[in-house]
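If you want the building blocks of each chain, they are given just below.
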Amino acid sequence: MVGVIPAAPCLDTRFSFNSSLHSQFPTCTFIPPFPNTPLALSFTKSTPPTYSLRDDTASGSTMEIAEVEPNSAVKKKAEDIASELRGTSIYLVGINSKMKTSLGKFIAETLRYYFFDSDKLIEEATGGSAAVKSFRERDWKGFRESETEVLKQLSSMGRLVVSAGNGAFESPTNLSLLRHGILIWIDIPLDMIAKEAVEDELQLSELELSPTVSYPEVLDQLTALYKQMQDGYATADATISLQKLAQQLGYDALDAVTEEDMGLEVLKEIERLMRVKKLMEEAARPF
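Residues numbered from 1 in each chain as written. Predicted model: local features only at pLDDT ≥ 70, side-chain atom pairs only at ≥ 80, totals over all residues. Heavy atoms only, no water.

Draft legend 1. Inspection of the packing of helix α4 (residues 129–138) against helix α5 (residues 140–155) at higher detail. Relative to each other, α4 and α5 sit at 120°, their axes nearing to 5 Å. What the angle tells us is that α4 and α5 run oblique. Between α4 and α5, the contacting residues are Val 132, Phe 135, Arg 136 and Arg 138 on the first element and Trp 140, Gly 142, Phe 143 and Ser 146 on the second. Its residues assigned to classes, the contact of α4 with α5 comprises four nonpolar, two polar and two charged. (Axes fitted to C-alpha atoms, helices over the stretch in contact; angles between N-to-C directions. Helix = DSSP H or I, 4+ residues; strand = E, 2+ residues; numbered from the N terminus. Parallel < 35°, antiparallel > 145°, perpendicular 65-115°, else oblique. Contact = heavy atoms within 4.5 Å. Nonpolar A, V, L, I, M, F, W, Y, C, P; charged D, E, K, R; others polar.)

Draft legend 2. Summary view of the pattern of salt bridges. Overall, the coordinates contain eight salt bridges when judged by the stated rule. With a shortest N-O distance of 2.9 Å, Lys 77 and Glu 271 are connected by a salt bridge. Of this pair, Lys 77 sits in helix α1 (residues 72–85) while Glu 271 sits in helix α11 (residues 259–284), and the two are 194 residues apart along the sequence. On the basis of relative accessible area, Lys 77 is assigned to the buried category, the value being 17%. Exposure remark for Glu 271: the relative accessible area of 22% places this residue in the partly exposed category. We note a salt bridge from Glu 269 to Arg 272, for which the minimum N-O separation is 2.9 Å. Remark: Arg 272 and Glu 269 occur in helix α11; sequence separation between them is three residues, near one turn of the helix. Residue class for Arg 272 comes out partly exposed when judged on its relative accessible area of 32%. (Salt bridge = Lys/Arg side-chain N within 4 Å of Asp/Glu carboxyl O. Buried < 20%, exposed > 50% of the residue type's maximum accessible area, 1.4 Å probe, protein only.)

Draft legend 3. Just the environment of Asp 187, in detail. With respect to the element layout, Asp 187 can be found in strand β7 (residues 182–187). In sequence terms Asp 187 and Thr 239 are 52 residues apart; their C-alpha atoms lie 6.9 Å from each other.

Draft legend 4. Region of the structure containing the environment of Val 266. Tracing the sequence through the fold places Val 266 in helix α11. With a relative accessible area of 0%, Val 266 lands in the buried category. Along the sequence, Val 266 and Ile 240 sit 26 residues apart, while their C-alpha atoms lie 6.8 Å from each other.

Here you go:
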């Protein structure tokens, strides 16, 4: 059994309608629908993290508090949007990559949110990467159902940054669950993901690829996955493209873009979305 970890409060934070924090929060329990799998994770009330806090009780869990200190521009932007955001969760979608994961942790730290990786939750619940690989190969439908269950549990909570797995758009149900928060597509060039994947066997497993494949094979499979998911990604509330941002910032190399650069763009997009939402709410009020 995975240990109990502190986590964010449970509440309905559907972005379009209910984004206010409640004064009292129920306890949430995640019981995945895996055969022969006991209670895996328990979420209880906890105080949100501060910028410098490291929560040792969460060691080894999927709830992580980063140690990164955001720069002044990022911190200022986070302060500007915090009151309007009101605990609404943020979901990052796109092909799994190191940038997507590190960006999620960075944004969570900046906003004093909690970070979760939906794939890691499934991995912990099944007993590790080898177990989840076996489960995926043995029962593909059950594996995808488990992804939906994880998203269902997370969507009932607030103050989260969630890195959603590659299967997040496998069903309309998953997409509707992601709509409980702000949905942002992190668009990383496939060749970058392929290069880092062939150098990291663990990432190949996370991408559901064989550890023996070559770079061209990885790139081909990622391209096929991208084409399969592209229409779903395009429905996100905002898109942050690493390639476009590199051009805007005048960088010669894509790897010159930092998580702070990407993080600031995410916060700017969230600010824009909140401004649009406010205007729509004001327009809907009776005279």
